[in-house]
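Single-letter residue listing:
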Amino acid sequence: MEQLINDLKLQIKEALNLEELSLEEFDENAPLFGEEGIGLDSIDVLEIIVLLEKNYGIRLANPKDGRAIFQSVKTIAEYVQANRKK
Amino acid sequence: MSISISGYGIICAIGNDAKAVLKSLKEGRTGIASMRYLQSSHKELPVGEVKLSDEEMKRMLGQDEKAVISRTVLMGAIAIRQALEHANLDLKGKRVAIINGTTVGGMDITERYFKQMKENDALLPLIEKHDCGSSTHEMAELAGLPNAEVCTVSTACSSAVNAIILGSEMLKNNEVDIVIAGGTEALSLFHLNGFNALMILDKAQCRPFDKTRAGLNLGEGAAFVVLQKEDSLTNEHTPIAFIRGYANRCDAFHQTASSENGEGAYLAMSEALQMAGLKPQDIHYINAHGTGTPNNDASESAAIRRVFGENIPPVSSTKGFTGHTTSASGSIETVICILALLNNFVPSNYGWKEQDEGCITPFDNSKFINSKFKTSPLESILCNSFGFGGNDSALIISKSPLPAPSFGECLRQETCVLAEAIINNVEQLGELREFVSAGEARRMSKLMKAATISSLKALKEAGVETPDAIITATAFGMLETSEKFLLDMLENGEETLSPTLFMQSTHNTLSSAIAIRTKCHGYNMTYSQGKDSLDWALRDARRLIETGKAKTVLVGYHDEATPLFQEFCRRMGKPLPQEIYSRSVVLRKT
């Protein structure tokens, strides 16, 4: 799980160009959306959907489903572990 | 004074000419079907294709079947020829301009040959058919007007209506005698996959304004209208209809989404009504932008309710018939509005079944027979056309011209340059952080960064926070993001492509991003006419200022070159384009 969380952090950082966010600062429990946390938006949801399909073979048909799964890196990791195809 | 329409031409999924289009609309036959001509792996996506192969269109235009001609150019030339034939004007000695709206341009050719171009010098010159401006030039030649002045407007999905608006302004300002304005856009793998990455394509028939709507279906086509000044008409030419009012405004909200209350759309509709000298109740039909995405239809409904209150005239989106023909949709729907006006006929909102509380109730043609609208002929129609980045425009087409003159009486204003800033070196891009946060900068491509810096620097120097209008000139547009998206698609297939790259690939990305940053809801325009782009932009800015429509205008010329594009130029023996060039000027009346 720890490895997966780390992989996801790196993949998200790269896909979303979060250059100024260091891996140490990137808390897996921090909310990804909204001003309280990392501050991602609806376009980032789409990028994470692409990333999950590319790296784990997971297809999300509706971006609305993404919002619930993508609360934090931790929740994404749990979802990936349960649903990954590769 | 109004602008008269003296001819029109149209080709789209529901017909190869106006007669066929009207027939399909009346019979309620959609043109959206399984993919036949576009060679995509996304066979699950229905599209509104023009039911002709490239070869058939080349034959119609008397061209060699083997000639490499973009589908965008072919459809556009067919529509222009129809419009000219319909208008039947003597063009001898007249100043003629073709104003074309397109964003895809020659992308279909680039997609087909890009991989080979990288190795094969013989195919390399085909890259010169890629940019929008060259498409318009080629289209003018194929349409038999090699000497016409040509201009390309590229404001994504509102391009064609903005082309009609520009043409009308040029006529009013006496810069030209006859304008052929409209738009053309062929389906391409590039934008099909881009819209797919943004997850706004419906795998079923689209249903604008329906509760269950789940996105749009892409379509393709072209339509052009022939415009003249009302007082330039000779006796033997009676106008078909009039362009009575229009407005170009910006939502200044988000790169791809529309604001909840539809501010840009509201402003465009309200100001078009004001220019037309009409009240909301004078509008007898609204041809909505109505794409079928949850966001657009809710936002547009909110805006329509703000303008029309409880008394909303019949509204329909015709995209259930034609598909969303993107840059061409504005003129395709303008021609549909003209057909509606001439035939006192309101097209249905094909695909709609279930009421959505957040949306207007679209017009149901089957109930038309018994409705009060049957006996009252249509007088004026509002046509909405919105684009990515909140480039929102509205057009009012009427059977009667505006009674009182509304133009040409204001005092001519002089224009002066208030401030200027240039970025021509990538090292200068570090200055970005003076203006935007790291979070905001993370998605910006090189050109976006340069344009942001030069614009904000110039505005700061001028002491202007929000300009009245923003005009952008770009010969090639967002090359870096487009190239990345294209290469990923050609090398790795049509899956898992980046929505962020596509979102930043349209030419109007720069103008709209700067509008969002400066909260500018005013006139917002993007020109992509090769080396003439800046001239067109400056000409537009001066026209706005001289005629009192704007006091301060931000004009930017922004272009970039990727290493691959520079290599192409080197191999063709052409001068090397600069890696980055961004020049912003703030103009003001003296």
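None of the values given here were measured: they were computed from a predicted structure. (Residues numbered from 1 in each chain as written. Chains lettered and ligands numbered in written order. Predicted model: local features only at pLDDT ≥ 70, side-chain atom pairs only at ≥ 80, totals over all residues. Heavy atoms only, no water.)

Peer 1: Even after reading the chapter, I still don't get the overall build of chain B, so can you show me in this structure?
Peer 2: Looking only at helices and strands, chain B features 18 helices and 15 strands. Its C-alpha atoms give chain B a radius of gyration of 22 Å, within 12% of the compact-globule value 25 Å for 590 residues. Residues counted as buried form 65% of the 590 residues belonging to chain B. When contacts within chain B are restricted to residue pairs at least 6 apart in sequence, long-range pairs at least 24 apart make up 79% of them. When the accessible surface of chain B is summed, it comes to about 21,000 Å², and 49% of that surface belongs to carbon and sulfur atoms. Side chains of chain B carry 59 positive and 69 negative charges; the gap between the two charge centres is 2 Å. (Helix = DSSP H or I, 4+ residues; strand = E, 2+ residues; numbered from the N terminus. Rg over C-alpha atoms; globule rule 2.2 N^0.38 Å. Buried < 20%, exposed > 50% of the residue type's maximum accessible area, 1.4 Å probe, protein only. Contact = heavy atoms within 4.5 Å. Areas by Shrake-Rupley, 256 points an atom, 1.4 Å probe, with all protein chains shown as cover. Lys, Arg positive; Asp, Glu negative; His and termini not counted. Charge placed at Lys NZ, Arg CZ, Asp CG, Glu CD.)

Peer 1: What is the right way to look at the interface of chain B and chain A in this model?
Peer 2: The interface is formed by 17 residues belonging to chain B together with 21 residues belonging to chain A. Taken together, both faces of the contact between chain B and chain A bury some 1,400 Å²; the carbon and sulfur share is 53%. Remark: the boundary between chain B and chain A carries five salt bridges. Taken together, the connections running from chain B to chain A amount to nine residue pairs in polar contact (both at pLDDT 80 or more). The leading source of residues in the side of chain B that touches chain A is helix α15 (residues 499-503) of chain B, at four residues. Grouping the constituent residues of the side of chain B that touches chain A by class yields eight nonpolar, five polar and four charged. (Buried area = accessible area lost by both parts, 1.4 Å probe. Salt bridge = Lys/Arg side-chain N within 4 Å of Asp/Glu carboxyl O. Polar contact = N/O pair within 3.5 Å; in protein donor to acceptor, adjacent residues only side chain to side chain. Nonpolar A, V, L, I, M, F, W, Y, C, P; charged D, E, K, R; others polar.)

Peer 1: How do you make sense of empty space enclosed by the protein when you look at a structure like this?
Peer 2: Taking a probe equal in size to a water molecule and rolling it over the atoms shows the remaining empty space. Residue and element names in this part refer to chain B. If you walk through the whole model with that rule in mind, you get two cavities of 30 Å³ or more. What lines the largest cavity is simply Asp251, Ser258, Ser259, Gly262, Ala265, Asn296, Ser299, Glu300, Phe386 and Asp392. For the lining of the largest cavity, the leading source of residues is helix α9 (residues 294-308), giving three residues. Quantified by volume, the second largest cavity comes out at close to 30 Å³. Residues that form the lining of the second largest cavity fall into these classes: seven nonpolar, one polar and one charged. (1 Å grid on protein atoms, 1.4 Å probe; cavity = no way out; pocket = protein on both sides within 12 Å on 5 of 7 lines; lining within 4 Å. Points joined across faces, edges and corners; volume = space filled by probe spheres on them.)

Peer 1: Honestly, helix α7 (residues 189-197) of chain B in this entry has me stumped. Any pointers?
Peer 2: Note on helix geometry: an α-helix contains 3.6 residues per turn, so any two residues three or four positions apart are oriented the same way. Judged by how many residues are buried, α7 of chain B sits mostly within the fold: eight of nine residues are covered. Listing the buried residues of α7 of chain B in full gives Leu189, Phe190, His191, Leu192, Asn193, Gly194, Phe195 and Ala197 of chain B. As for α7 of chain B, its buried residues are in contact with α2 (42-56) of chain A together with α4 (107-117), α14 (479-492) and α15 of chain B. Methionine 199 of chain B lies just past α7 of chain B and shows a positive phi near 55°.

Peer 1: Would you mind showing me how to read the packing of helix α1 (residues 18-27) of chain B against helix α11 (residues 329-343) of chain B here?
Peer 2: Residues and elements named next belong to chain B. Two numbers describe how α1 lies on α11: the axes approach to 11 Å, and their chain directions differ by 75°. Viewed along their axes, α1 and α11 adopt a mutual orientation that is roughly perpendicular. Seen from α1, the contacting residues are Ala18, Val21, Leu22, Leu25 and Lys26; seen from α11, they are Ile336, Leu339 and Asn343. (Axes fitted to C-alpha atoms, helices over the stretch in contact; angles between N-to-C directions. Parallel < 35°, antiparallel > 145°, perpendicular 65-115°, else oblique.)

Peer 1: Please clarify how the packing of aromatic side chains should be interpreted in this entry.
Peer 2: How two aromatic rings sit relative to each other is given by the distance of their centres and the angle of their planes. Residue and element names in this part refer to chain B. As enumerated under the stated definition, the model contains 11 aromatic pairs over all chains in all. Relative to phenylalanine 568, the ring of phenylalanine 114 has its centre 5.9 Å away and its plane inclined at 65°; by these criteria the two rings are edge-to-face. A residue pair is termed long-range when its members are at least 10 positions apart, and phenylalanine 114 in helix α4 and phenylalanine 568 in helix α18 (residues 563-571) qualify at 454 residues. With respect to burial, phenylalanine 114 and phenylalanine 568 carry one shared label: buried. Ring geometry for phenylalanine 195 and phenylalanine 502: centres 5.6 Å apart, planes at 55°, overall tilted. One end of the pair, phenylalanine 195, is in helix α7; the other, phenylalanine 502, is in helix α15, and 307 residues separate them in sequence. Note on accessibility: phenylalanine 195 and phenylalanine 502 belong to one class, buried. (Phe/Tyr/Trp six-rings, centres within 6.5 Å; stacked < 30°, edge-to-face > 60°.)

Peer 1: Is there a simple way to explain the confidence of the model for chain B in this structure?
Peer 2: It should be kept in mind that the predicted coordinates are not to be read in detail where pLDDT is low. Residues and elements named next belong to chain B. Per-residue confidence for chain B gives a mean pLDDT of 94; residues scoring 70 or more make up 96%. Counted against residues more than four places away or in other chains, residues 369-375, with its pLDDT under 50, gives five contacts. Predicted confidence for residues 406-410 stays below pLDDT 50, and this span has seven contacts to residues more than four positions away or in other chains. Here the prediction assigns the complex a pTM of 0.96, and the interface score ipTM is 0.92. (pLDDT = per-residue confidence, 0-100.)

Peer 1: Explanation requested: the packing of helix α1 (residues 2-15) of chain A against α2 of chain A in the structure shown.
Peer 2: Helix-helix packing: each pair is described by the crossing angle between the helix axes and the interaxial distance. All names here are of chain A. Remark: α1 packs on α2, axes separated minimally by 11 Å, with the N-to-C direction vectors making an angle of 130°. Accordingly, the angle class assigned to the pair α1 and α2 is oblique. Here α1 runs over α2; the crossing is right-handed. Two secondary-structure elements touch here, α1 through Leu4, Asp7, Leu8, Gln11, Ile12 and Ala15 and α2 through Leu51, Leu52, Asn55 and Tyr56. (Left-handed = near helix turned anticlockwise from the far one by under 90°.)

Peer 1: Would you mind going over the nonpolar core with me for this structure?
Peer 2: All names here are of chain B. Ranked by size, the top nonpolar core spans 68 residues in total, and within it Ile99, Leu227, Ile471 and Tyr527 carry the most contacts. Taken domain by domain, this core gets at least three of its residues from each of domain 1 (3-407) and domain 2 (410-589). In contact with isoleucine 471, other than residues within four places in its own chain, are Ser511, Tyr523, Met525, Tyr527, Ala537, Asp540, Ala541, Leu544, Val553, Leu554, Val555 and Gly556. (Core = buried A, V, L, I, M, F, W, Y, C linked by side-chain atoms within 4.5 Å. Domains from an automatic or database assignment.)

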